[in-house]
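Residue-level structure breakdown
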Amino acid sequence: MSAQLQRHHLTILYLLLSWLTLSSGIPDPRFREFLKKQEASRWTGGALPLTDAEMSLDAKLHKLKEQEMAQAEFPPAMHFFKARTLIQSSPIYSLLQKMPKGAALHVHDFAMVTMEWLVKNVTYRPHCYVCFTDSRSMRFQFSSGQPKPLAHCSSWNLLETLRDKMGNATNLLDNSIMSNLTLFTEDPETAYPNQDAVWGRFEQAFMVALGLITHAPVFRDYFYEGLGQFYTDNIMYLELRALLPKTYELDGSTHDRAWSLKTYQEVTKEFVADHPDFLGAKVIFTVHRGMNESMVTAAVEDAMKLKRDFPEFLAGFDLVGREDSGRPLWYFREALSLPGERGFPLPFFFHAGETDLEGTEVDQNLLDALLFNTSRIGHGFALVRHPLAKEMSSKRGVAVEVCPISNQVLKLVSDLRNHPAAVLMSEGHPVVISSDDPAIFGASGLSYDFYEAFVGISGLSSNVGTLKELAMNSLRYSSMSRQQKDTALSQWQVRWDKFVSESLQ
């Protein structure tokens, strides 16, 4: 039966049941059931047919959800830093870890690997120096000799020597490094009383990691490790938002953006060769939205050149950084119009709507992102306040990259049951789940964010079909070619069927 004919039959049934309801003092329960089913079918995954095995798994998950929602401490209602241990002990989280989640489409370059690895592996390598800033932060540099002095920083100390002097107190230093690399704390409300405070620390954490990760040998190892951590979390494909910074060698010589992109490509090929069931990765080149127009113009020029040189590996371009304090997309309209004016296909993947302010210039980023034909919307937290933009993105099939933990930690929402993505999911708007900067938030991979989305944002309204569609969406709305998507979905289906079967044993 065609979709049009089905809608016609539903319309007739609706009119009939409406008449029956109006003819009686009590609403007809059949009409009530009809409406409930219609509403449920609009939810993300609500219209997907489920196999007997999937329905059995759904019943199991529904029962587990009810149990978790009845607990005195419900993790999605708590700050993630306080809820993390509870989530780790959740049987739902355990299942989600094993679930094939498809792709991670919104992950940033310097926050994809757990900070434990960065501290225990990278800072213990030879020739690693540290200095301490006036703002009680840290900076790192690898060098064959004493590095040049850095403004507003103490003299450089070789970490190996510093650890030798500390003896058994080395853990104190490691813990201090860890606290500078992450936002994680036992009392987040006190540590980060407002958005300015948390964003200040957030951006500082990237600066701390910069000198470690941009050392050329670490740069390669870091990305390989990152792919490994996402692969372990049952991710089969990744799109990385990367600044493509200059990288450096021990002697101080540097490499340009093209070298960084080529290195990402080489490491991806190496990882796929070692893990044939991993489908690969692509890079979205990013620059900070705090730049001026001429700098972004130059970056767009670079992006077009990189796209010509790496046509299959570079997915597109984006602007990153805090929207509320950065320049709006419209400010860069001339720079962002260059690819179109030249007839050059440079896809955009704009961060937009990562704000809780209404009516500001930044609040127009959602409409402007769509005017510039963005392929996806990063965060889109404010999208439900823009009905036209929401309608446009839905009709165009522009997926919203929802990052629940990031939105909570950066203080857009405190209780994830109140996350606006619930509205998008209830309407079947194209949505994918991602983790943004998991390492800085004390998370890893994608399972924590899937838990928050499945248990918190969508509550009892979501089911196995929701999980299934979210995973498939991540492949459908990726920048892979149509043929690659078809192959990915076929391979994913095999893994999904195995997951469902094993989850029932």
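Heads up: the structure comes first, above all this text.
Description of the structure in this document. (Residues numbered from 1 in each chain as written. Predicted model: local features only at pLDDT ≥ 70, side-chain atom pairs only at ≥ 80, totals over all residues. Heavy atoms only, no water.)

1. Structural notes on the packing of aromatic side chains
All chains considered together, the criterion is met by 23 aromatic pairs. Between Tyr 224 and Phe 271 the ring centres are 5.1 Å apart and the planes differ by 70 degrees, which places this aromatic pair in the edge-to-face class. With a gap of 47 residues between them, Tyr 224 in helix H11 (residues 216-232) and Phe 271 in helix H12 (residues 257-274) connect regions that are remote in the sequence. Here the aromatic cluster, defined as three or more aromatic residues joined through ring pairs, consists of Phe 80, Phe 81, Tyr 93, Phe 184 and Tyr 448. Seen from the ring of Phe 454, Lys 65 lies directly overhead, with NZ or CZ sitting 3.6 Å from the centre. (Phe/Tyr/Trp six-rings, centres within 6.5 Å; stacked < 30°, edge-to-face > 60°. Helix = DSSP H or I, 4+ residues; strand = E, 2+ residues; numbered from the N terminus. Lys NZ or Arg CZ within 6 Å of the ring centre and 35° of its normal.)

2. Structural notes on the state of the cysteines
Considering all chains together, one arrives at one disulfide under this definition. Put simply, Cys 131 and Cys 153 are joined by a disulfide, and their sulfur atoms are 2.0 Å apart. Between Cys 131 and Cys 153 the sulfur-sulfur dihedral comes to about 95 degrees; the bridge is accordingly right-handed. One end of the pair, Cys 131, is in strand S2 (residues 128-132); the other, Cys 153, is in the loop between strand S3 (138-142) and strand S4 (157-158), and 22 residues separate them in sequence. Cys 131 gets classed as buried once you look at its relative accessible area, which sits at 0%. Judged by relative accessible area, which is 16%, Cys 153 ranks as buried. The thiol of Cys 128 is not disulfide-bonded; the next cysteine sulfur, from Cys 131, is found 11 Å away. (Disulfide = S-S within 2.5 Å. Buried < 20%, exposed > 50% of the residue type's maximum accessible area, 1.4 Å probe, protein only.)

3. Some words on the pattern of salt bridges
For the structure on display, the rule yields 25 salt bridges. Between Lys 36 and Glu 33 there is a salt bridge, and its shortest N-O distance comes to 3.4 Å. Remark: Glu 33 and Lys 36 occur in helix H2 (residues 29-42); sequence separation between them is three residues, near one turn of the helix. Given the relative accessible area of 35%, Glu 33 is considered partly exposed. Two residues, Lys 305 and Asp 309, come together in a salt bridge whose shortest N-O distance is 3.0 Å. (Salt bridge = Lys/Arg side-chain N within 4 Å of Asp/Glu carboxyl O.)

4. Notes on the side chain of Thr 170
Tracing the backbone through its elements, the reader meets Thr 170 in helix H8 (residues 170-181). Residue classification places Thr 170 among the buried residues on the basis of a relative accessible area of 14%. Only 2.8 Å separates the side chain of Thr 170 from the backbone oxygen of Gly 167, close enough to count as a polar contact. Not counting the four nearest positions on each side in its chain, Thr 170 is found in contact with Tyr 124 and Arg 163. (Polar contact = N/O pair within 3.5 Å; in protein donor to acceptor, adjacent residues only side chain to side chain. Contact = heavy atoms within 4.5 Å.)

5. Details of the nonpolar core
Among the nonpolar cores identified, the biggest contains 140 residues, and Leu 118, Leu 183 and Phe 317 are the most heavily contacted of them. The biggest single contributor to this core is helix H10 (residues 195-213), with nine residues. Beyond its immediate sequence surroundings of up to four residues, Leu 118 is in contact with Thr 123, Leu 181, Ala 209, Leu 212, Ile 213 and Tyr 222. (Core = buried A, V, L, I, M, F, W, Y, C linked by side-chain atoms within 4.5 Å.)

6. Focus on the pairing of strand S5 (residues 235-242)
Buried residues dominate S5, accounting for eight of its eight residues. Here strand S1 (residues 102-108) pairs with S5 via five bridges, running parallel. Looking across to S5, one finds that Val 107 is bridged to Leu 240. Here S5 pairs with strand S8 (residues 280-288) via six bridges, running parallel. Looking at the pairing, Leu 238 lines up with Ala 281 of S8. (Pairing = 2+ DSSP bridges.)

7. Some words on the sheet that holds S2
Hydrogen bonds between backbone atoms are what pair the strands of a sheet, whose relative direction is either parallel or antiparallel. Here we have three strands laid out as an open sheet, ordered S3-S2-S4, and antiparallel in their pairing. At either margin of the open sheet sits one strand with a lone partner, and together these are S3 and S4. Across two bridges, S2 lies against S4 in antiparallel orientation. In the strand pairing of S4, Val 130 is matched with Asn 157.

8. What to know about the sheet that holds strand S9 (residues 314-320)
Read across the sheet, four strands follow the order S1-S5-S8-S9 without closing on themselves; strand pairing throughout is parallel. On the outer flanks of this sheet lie S1 and S9, each paired with one strand and no other. Between one strand axis and the next, the sheet turns by 25 degrees as a mean value, whatever way the strands run. Taken together, the six bridges between S8 and S9 define a ladder with parallel strand orientation. (Axes fitted to C-alpha atoms, helices over the stretch in contact; angles between N-to-C directions.)

9. Remarks on unusual backbone geometry
For Asn 234, which is not a glycine, the phi torsion comes out positive at approximately 65 degrees. Structurally, Asn 234 is set in the loop between H11 and S5. Classification of Asn 234 by relative accessible area gives partly exposed; the value is 31%.

10. What to know about the side chain of Asn 473
Looking at where Asn 473 falls in the secondary structure, it is placed in helix H20 (residues 464-476). Accessibility expressed as a relative area gives 3% for Asn 473, which makes it buried. Every residue in contact with Asn 473, bar those within four places of it in the chain, is listed here: Val 431 and Val 432.

11. Notes on the packing of helix H3 (residues 52-69) against H20
At a closest axis distance of 8 Å, the pairing of H3 and H20 adopts a crossing angle of 110 degrees. Classed by the angle they form, the pair H3 and H20 counts as roughly perpendicular. Two secondary-structure elements touch here, H3 through Glu 54, Leu 57, Asp 58 and Leu 61 and H20 through Val 464, Leu 467 and Lys 468. In terms of residue class, the contact of H3 with H20 is made up of four nonpolar, no polar and three charged. (Parallel < 35°, antiparallel > 145°, perpendicular 65-115°, else oblique. Nonpolar A, V, L, I, M, F, W, Y, C, P; charged D, E, K, R; others polar.)

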